[in-house]
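So you can see what is in the structure, the chains are spelled out below.
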Amino acid sequence: MGESANSITLVEAVTQALAYELANDPQVVVFGQDIGANGGVFRATDGLQKRFGAERVLDTPLAENMIAGIAVGMATQGLRPVAEFQFMGFIYPGLDHILSHAARMRNRTRGRLSCPIVYRAPYGGGIHAPEHHSESTEAIFAHIPGLRVVVPSSPARAYGLLLAAIRDPDPVLFLEPKRIYRAVRQPVADDGEALPLDRAFVLREGGDLTLIAWGASVKETLAAAEQLSTEGIEAEVIDPATLKPLDIHSIIDSLEKTRRCVVVHEAARFGGLGAEIAAQIQEYAFDLLDAPVQRVTGYDTVMPYYQLEQVYLPGVERILAGARAALGYVREGGR
Amino acid sequence: MHKPRLQLQASFDIAWLQYLDKQGSATQSLPEFASPDWLTHSFRQMQLARLVDDRAVKLQRTGRLGTYPSTLGQEAIGVATGNALMAEDVYCPYYRETGALLERGVSIEEILANWGGDERGQNYRHAPQDLPICIPIATQMLHAAGVAFALKYRHQQHGTPLQVAVASSGEGATSKGDFYEAMNLAGVWKLPVVFVVNNNQWAISVPRSAQTSTHTIAQKAIAAGIPALQVDGNDVVAVAWAVRDALRRARSDEGPALIEAISYRLCDHTTADDASRYRSGEELQQAWQWEPVARLETYLRGEGLWSDAKQQDLARELAQTMEAALNSWESRAPEPATAIFDHLYAQLPEGLYEQYDQLREELQGARE
Ligand SMILES: Cc1ncc(C[n+]2csc(CCOP(=O)(O)OP(=O)(O)O)c2C)c(N)n1
């Protein structure tokens with residue numbers, strides 16, 4: 001068991017967490033399309049089959065519904081399946097099993113059976129991929145009772161949250177922001193330490209404005225915060241990490257200081273999680289607000305082909321514009 | 001026009017098995033397991049399933065049960081399947097399987113609770129690893145493949161005996177991708193899983209002929225490279241032989257199998273259905289001529305294993321069993337409403353405490 005803190009990328013952190021758990025929990029099995037000899041199209045499972053054998057790291061036939069479905073059967077018998085979907089855009093055939101079975105098995109059997117499954121998928125745009133490869137539809141899944149939706153935004157959080165997801169007794173959809181799979185390196189100790197689920201991470205402290213972002217958008221959001229800082233405005237940046245169930249308390253705590261908030265996500269705006277977060281904020285903290293919650297999101301369009309994807313994705317400029325709208329808002333006429 | 005000369009590449013055939021004909025006469029000597037005790041036990045269980053179905057439909061009519069799918073006409077398949085499984089095997093049933101559930105040790109109370117809208121009915125006391133009955137069509141076949149993987153994995157890791165997963169379905173379910181995906185994977189991974197298709201001729205209002213143009217359902221297994229057998233599903237001995245043989249092979253790590261059990265749904269699809277809208281009374285009358293319970297009774301009487309007196313005793317015993325189960329089900333305290341949160345996650349996430357408290361307060365208010 002190595003504890004050295006090698007400097008690794010987010011996707012390597014995923015591999016490291018999978019390897020750690022495969023080595024330490026014989027109930028863990030990893031499967032998906034091309035994940036064996038090929039190590040997955042993003043190499044997230046690189047070397048795992050060689051190391052742990054084709055009985056625990058399995059290539060499946062090409063059928064997402066099947067991948068989602070067999071995981072349910074495995075999990076009910078005490079295994080801890082970790083299933084990879086090649087891209088989030090191909091998860092939909094499996095939605096039936098995720099929604100109709102994995103997320104409900106515990107409730108339906110009043111606790112007799114459960115589905116400790118991790119469904120992993122690379123998600124999000126920005127890598128010049130073909131159609132259907134850049135989806136960001138986390139809100140569909142966050143709507144499902146009984147499911148957890150977790151998104152890491154750094155190598156360390158990918159390692160710690162994936163370990164937590166595998167060890168969690170309930171099903172988790174683990175979405176990996178592929179745009180930042182290799183964007184940064186960070187020392188991550190391979191010590192098997194999980195990070196808590198259902199807890200937001202405060203990535204940057206500040207008293208003037210709260211910026212909320214997850215996944216790859218954290219990158220631009222932090223960059224926007226740095227830009228604001230040069231202008232004397234200190235933004236707090238919060239990464240919810242677990243999108244469902246959402247740690248709204250950390251967000252409200254931040255708003256007690258800042259009273260202004262911008263939610264950033266690359267998913268489409270309508271019915272996106274920005275709407276949920278804004279709704280919860282106004283329910284719980286209406287009196288704290290000095291400005292309406294701003295949303296900086298993808299458009300309500302189909303994610304465009306890559307020639308236009310930078311137009312679609314919220315970049316630093318759009319985040320700054322959202323921040324300025326929140327900062328500049330002055331209530332007229334009082335109440 | 002030019003006609004190429006073609007060479008035969010491969011050929012396949014589908015076998016059909018029957019022991020008791022429509023009149024209840026043996027068409028060949030019965031297998032060893034079909035002892036007098038086994039036969040009378042199966043007869044009892046088929047009648048019990050029929051009784052539970054009958055009561056359940058009546059309870060639905062008086063508003064005490066929700067929609068219920070009767071097994072009427074298919075009792076032989078469920079009883080033979082449930083009976084062939086060992087306790088440690090894992091059964092992944094579809095919704096029309098009262099007979100099989102009874103054989104698995106699921107109590108009548110649990111069956112009634114489930115269809116009566118109480119989720120505790122799927123918290124089986126005596127079949128702790130069996131999957132709950134599956135409502136979406138054909139998804140259970142993939143669960144069974146996953147279960148079978150887990151069973152094989154456990155067997156390889158710990159040297160424990162190989163257990164088998166069994167999925168049941170109707171013939172309509174074989175139109176779905178899940179069915180093919182499960183068979184395909186089971187073939188490739190040589191999983192210990194048996195798929196039992198209740199071919200009861202109808203998927204709600206869609207007849208088998210409008211569901212698929214295949215000559216048999218069994219031949220669908222050919223594409224997945226797994227063995228298949230067609231059996232007379234109203235012949236409890238034939239179904240039992242087929243399931244036992246498939247289980248034996250799966251247990252010896254010889255891989256999966258598909259069984260098409262040909263039967264007929266003698267009832268409406270569910271209590272919410274009226275089958276007379278789409279199927280003729282004549283067809284139904286015909287089908288009653290080869291139903292499984294009477295067929296077995298004729299055989300048993302011919303062998304001197306059954307009599308009017310025995311039937312009277314059995315009817316009395318079954319009525320008492322049913323009555324006792326009904327009473328115990330009806331006297332069960334209702335589950336507290338907060339149970340909707342209790343089993344959603346292993347531990348209620350903090351983000352849901354407020355909704356949980358809100359429900360508790362509403363209940364409190366309603367009580368005051
Ligand atoms: C995925 C899905 N689609 C539709 C339904 C509605 N439905 C319930 S039973 C049924 C017919 C199934 O027929 P078959 O598989 O032959 O089984 P049977 O009920 O005849 O035993 C349908 C369409 C469903 N339960 N699940």
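What you are looking at is a predicted structure, and each value in this text was computed from that prediction instead of being measured.

(A) Structural view of the overall build of chain B. When its secondary structure is counted, chain B shows 13 helices and 8 strands. For 368 residues, the compact-globule estimate of 2.2 N^0.38 gives 21 Å, and chain B sits close to it at 22 Å. Taking the principal axes of its C-alpha atoms as reference, chain B extends roughly 85 × 55 × 50 Å. When the 368 residues of chain B are sorted by exposure, 54% land in the buried category. Within chain B, counting contacts between residues at least 6 apart in sequence, those at least 24 apart form 72% of the total. For chain B, the centre of its 33 positive side-chain charges and the centre of its 46 negative side-chain charges are spaced 5 Å apart.

(B) Structural detail: the packing of helix H1 (residues 10-24) of chain A against helix H7 (residues 155-167) of chain A. All names here are of chain A. H7 packs onto H1 with a crossing angle of 35° between their chain directions and a minimal axis gap of 8 Å. Once H1 is placed against H7, the crossing between them reads as right-handed. Between H1 and H7, the residues in contact are Leu10, Ala13, Val14, Gln16, Ala17, Leu18, Tyr20 and Glu21 and Pro155, Ala158, Tyr159, Leu162, Leu163, Ile166 and Arg167, respectively. The residue inventory of the contact of H1 with H7, partitioned by class, reads 12 nonpolar, 1 polar and 2 charged.

(C) Representation of the sheet that holds strand S3 (residues 57-59) of chain A. All names here are of chain A. Strand order across the open sheet formed by 7 strands is S3-S2-S4-S5-S7-S6-S12, with mixed pairing between neighbours. Edge strands, defined here as strands with exactly one partner in the open sheet, are S3 and strand S12 (242-244). Mean inter-strand twist for the sheet, computed between neighbouring axes without regard to direction, equals 20°. Examined bridge by bridge, strand S6 (residues 148-150) and strand S7 (residues 172-177) share 3 bridges and lie parallel to one another. Bridging across to S7, valine 149 finds its partner in leucine 173. H1 rests against strand S2 (28-32), S3, strand S4 (80-84), strand S5 (118-123) and S7 of the sheet, and its axis sits at about 135° to S2.

(D) Quick peek at the sheet that holds strand S10 (residues 209-213) of chain A. Residue and element names in this part refer to chain A. The 5 strands lie next to each other as S9-S11-S10-S13-S14, forming an open sheet whose pairing is mixed. For this open sheet the edge positions go to strand S9 (201-204) and strand S14 (294-298), each flanked by a neighbour on one side alone. Strand-to-strand twist in this sheet, taken as the mean axis angle between neighbours without regard to direction, amounts to 25°. Bridging between strand S13 (residues 261-268) and S14 involves 5 bridges; their strand directions are parallel. Across the sheet, residue histidine 265 finds its bridge partner in S14, namely threonine 297. Its contacts with the sheet place helix H10 (residues 273-285) against S10, S13 and S14, and it is angled at close to 155° to S13.

(E) Focus on the interface of chain A and chain B. Contacts between chain A and chain B engage 47 residues on the former and 45 residues on the latter. When the two sides are added together, the surface that chain A and chain B hide from each other amounts to roughly 3,700 Å², 59% of it contributed by carbon and sulfur. Summed over the three residues of chain A that lose the most area to chain B, namely Gln77(A), Arg110(A) and Arg112(A), the buried surface amounts to 23% of that side. Our enumeration of links across chain A and chain B arrives at 4 salt bridges. Asp96(A) is paired through a salt bridge with Lys176(B); the nearest N and O atoms lie 3.8 Å apart. Summed over the shared surface of chain A and chain B, the result is 24 residue pairs in polar contact (both at pLDDT 80 or more). Every element with two or more residues in the side of chain A that touches chain B is listed here: S2, S3, helix H3 (64-76), helix H4 (92-102) and helix H5 (105-108) of chain A. When residues of the side of chain A that touches chain B are assigned to their parent elements, the largest contribution, 8 residues, is made by H3(A).

(F) Fine view of unusual backbone geometry. All names here are of chain A. The residue after lysine 244, namely proline 245, is reached through a cis peptide bond having omega -5°. The topology assignment puts proline 245 in the loop between S12 and helix H9 (248-258). One non-glycine residue, arginine 259, lies in the positive phi region at around 65°. Counting through the fold element by element, arginine 259 comes out in the loop between H9 and S13. Judged by its relative accessible area of 29%, arginine 259 is partly exposed.

(G) Local environment of the UniProt feature "domain: Dehydrogenase E1 component" (unreviewed entry) in chain B. The UniProt feature table records "domain: Dehydrogenase E1 component" (unreviewed entry) at residues 45-332 of chain B. This span, residues 45-332 of chain B, is 47% helix and 11% strand, and a straight line between its end C-alpha atoms measures 25 Å.

(H) Here's a closer look at the environment of Ser217(A). Residues and elements named next belong to chain A. Relative to the elements of secondary structure, serine 217 occurs in helix H8 (residues 217-230). Sequence spacing of serine 217 and glutamate 266 is 49 residues, and the spatial spacing of their C-alpha atoms is 6.9 Å. For serine 217, the contacting residues outside a window of four places in its chain are Arg179, Val264, His265 and Glu266.

(I) Expanded view of the environment of Asp96(A). Within the secondary structure layout, Asp96(A) lies in helix H4. Note on Asp96(A): relative accessible area 24%, which makes it partly exposed. Measuring from C-alpha to C-alpha, the distance between Asp96(A) and Gly69(A) comes to 8.5 Å, with 27 residues separating the pair along the chain. Once residues within four sequence positions are removed from consideration, Asp96(A) is found in contact with Asn65(A), His101(A), Thr139(B) and Lys176(B).

Conventions used here
- Residues numbered from 1 in each chain as written.
- Chains lettered and ligands numbered in written order.
- Predicted model: local features only at pLDDT ≥ 70, side-chain atom pairs only at ≥ 80, totals over all residues.
- Heavy atoms only, no water.
- Helix = DSSP H or I, 4+ residues; strand = E, 2+ residues; numbered from the N terminus.
- Rg over C-alpha atoms; globule rule 2.2 N^0.38 Å.
- Buried < 20%, exposed > 50% of the residue type's maximum accessible area, 1.4 Å probe, protein only.
- Contact = heavy atoms within 4.5 Å.
- Lys, Arg positive; Asp, Glu negative; His and termini not counted.
- Charge placed at Lys NZ, Arg CZ, Asp CG, Glu CD.
- Axes fitted to C-alpha atoms, helices over the stretch in contact; angles between N-to-C directions.
- Left-handed = near helix turned anticlockwise from the far one by under 90°.
- Nonpolar A, V, L, I, M, F, W, Y, C, P; charged D, E, K, R; others polar.
- Pairing = 2+ DSSP bridges.
- Buried area = accessible area lost by both parts, 1.4 Å probe.
- Salt bridge = Lys/Arg side-chain N within 4 Å of Asp/Glu carboxyl O.
- Polar contact = N/O pair within 3.5 Å; in protein donor to acceptor, adjacent residues only side chain to side chain.
- UniProt positions renumbered as here; feature names shortened; annotations may be inferred.

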